[in-house]
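Observations on the model geometry
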Amino acid sequence: MARRSLPLSKVYGLLEPGPVVMVTTARGGRPNIMTLSWHTMIEFEPPLVGFVMSNRNHSFGLLKATRECVINIPTVEIAEKVVGCGNSSGATTDKFETFCLTPKTAARVGAPLIEECYANLECRVADTRMVERYGLFVVEVIQAWIDPTEKNPRTIHHLGSGNFMVAGERIKLRSKMK
Ligand SMILES: Cc1cc2nc3c(=O)[nH]c(=O)nc-3n(C[C@H](O)[C@H](O)[C@H](O)COP(=O)(O)O)c2cc1C
């Protein structure tokens, strides 16, 4: 098979895990939302998640200061809002208001859940050792919520350059993973 060289700047689009998530933070009664797709599971239980958040984002300062956030998992139905939250700054925009999203009080953290997302993971920062170098936060999920009526969530997965893949068919196979 003839192959063509892929620019290294496009590699992330092949490996990027998805789903695209919306991370909420809050400080001084002001909540914020940012879109994030560079994340990975690190441990089953307690669930540990790693994600890269650039220090150029308003959310970075909020997360660093409060050490709490919610990872909200949206579906394709609100894709436009997801991209909107990833192209605006909480420093100047109230994203809940601008994108008509509904904040819901979390059980264990100060940041709100996004009502329109089918799953919400309340998190506490567990490890900041790689934040300065890579913007890599490790967070522990301390409370998880799911919409039980959503049987086949059509999550969105970032492929780069404004392209997204929508999760589709589900198949069941034997696996050594849990
Ligand atoms: C699909 C998508 C995925 C993104 N993934 C990330 C990411 O993984 N890490 C990151 O730092 N920024 C990511 N961004 C950019 C932030 O969402 C963007 O800079 C946002 O405006 C930050 O909001 P804030 O300044 O209110 O925190 C992504 C944006 C989009 C649209």
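Read on for an overview of the structure. (Residues numbered from 1 in each chain as written. Predicted model: local features only at pLDDT ≥ 70, side-chain atom pairs only at ≥ 80, totals over all residues. Heavy atoms only, no water.)

1. Concerning the overall build of the protein chain
Definition in use: Secondary structure elements follow DSSP: runs of H or I no shorter than four residues count as helices, runs of E no shorter than two count as strands, and numbering proceeds from the N terminus. C-alpha atoms define the radius of gyration in this analysis, and the globule rule sets the expected value at 2.2 Å times the number of residues to the power 0.38. Accessibility here uses a 1.4 Å probe with only protein chains present; expressed as a share of the type maximum, an area under 20% marks a residue as buried, one over 50% as exposed, and anything in between as partly exposed. The contact criterion used throughout is that any non-hydrogen atoms of two residues lie within 4.5 Å. Here the open area of atoms and residues is found with the Shrake-Rupley method and a 1.4 Å probe, where only the protein chains shown may cover a residue.
When helices and strands are tallied, the protein chain shows 5 helices and 11 strands. Since a compact globule built from 178 residues should have a radius of gyration of about 16 Å, the 16 Å found for the protein chain is in line with a globular shape. Projected onto its principal axes, the C-alpha coordinates of the protein chain cover approximately 55 × 35 × 35 Å. The burial tally for the protein chain puts 40% of its 178 residues in the buried class. Taking as baseline every contact in the protein chain between residues at least 6 positions apart, the subset at least 24 positions apart corresponds to 57%. About 11,300 Å² of surface is accessible on the protein chain, with carbon and sulfur atoms providing 54% of the total.

2. Section: the site of the ligand
What counts here: One heavy atom within 4 Å of a molecule or strand is enough for the residue carrying it to be called near that molecule or strand. Any pair of nitrogen or oxygen atoms within 3.5 Å is treated as a polar contact; in protein, a donor-acceptor pairing is required on top of that, and neighbouring residues in sequence qualify only through side-chain atoms on both sides. A cavity here means a set of points on a 1 Å grid, drawn over the protein atoms and nothing else, where a 1.4 Å probe fits but cannot get out; a pocket is an open set with protein on both sides within 12 Å along at least five of seven lines, and a residue lines either one if it has an atom within 4 Å of a point. The way we define it, a molecule is inside a pocket or cavity when more than half of its atoms are within 2 Å of that pocket's grid points. Residue polarity follows a fixed list, in which Ala, Val, Leu, Ile, Met, Phe, Trp, Tyr, Cys and Pro are nonpolar, Asp, Glu, Lys and Arg are charged, and the others, Gly among them, are polar.
In the neighbourhood of the ligand, 20 residues make up the surrounding shell, with T35, N57, S59, S88 and G90 lying closest. Within the backbone of H58, an N or O atom sits 2.8 Å from an oxygen atom of the ligand. Between an oxygen atom of the ligand and a main-chain N or O atom of S88, the distance comes to 2.7 Å. For the ligand, whose accessible area on its own is 650 Å², the fraction buried by protein is 84%. More than half of the atoms of the ligand fall within 2 Å of the grid points belonging to the largest pocket. Looking at the shell around the ligand, the elements that each hand over two or more residues are β2 (30–36) and α2 (58–66). The biggest single contributor to the shell around the ligand is β2, with 4 residues. Its residues placed into classes, the shell around the ligand shows 7 nonpolar, 12 polar and 1 charged.

3. Topic: the pattern of salt bridges
Under the convention used in this document: The term salt bridge refers to a pairing of a side-chain nitrogen on Lys or Arg with a carboxyl oxygen on Asp or Glu at a separation within 4 Å.
Inspection of every chain in the model, using the stated rule, returns 1 salt bridge. Here D127 ties to R129 by a salt bridge, and the two come within 2.7 Å at their closest N and O atoms. Accessibility expressed as a relative area gives 72% for R129, which makes it exposed.

4. Thoughts on the pairing of strand β10 (residues 156–160)
Worth spelling out the cut-off: At least two DSSP bridges between two strands are needed for those strands to be called paired.
Most of β10 sits inside the fold, with 4 of its 5 residues counted as buried. Across 4 bridges, β10 lies against strand β11 (residues 163–166) in antiparallel orientation. Looking across to β11, one finds that I156 is bridged to V166. Linking β10 to β11, which pair antiparallel, is a turn of 2 residues; within it S161 sits at a positive phi near 50 degrees.

5. Notes on the state of the cysteines
Operational definition: Note on terminology: pairs of cysteine sulfur atoms within 2.5 Å are recorded as disulfides.
Here the structure, examined in full by the defined rule, presents 0 disulfides. The structure places no disulfide on C117, whose sulfur is separated from the nearest cysteine sulfur, that of C85, by 8.9 Å. Under the relative-accessibility criterion, C117 is labelled buried at 5%. C69 supplies the cysteine sulfur nearest to C123, a cysteine that is in no disulfide, at a spacing of 4.6 Å.

Nothing here speaks to function; it is all geometry.
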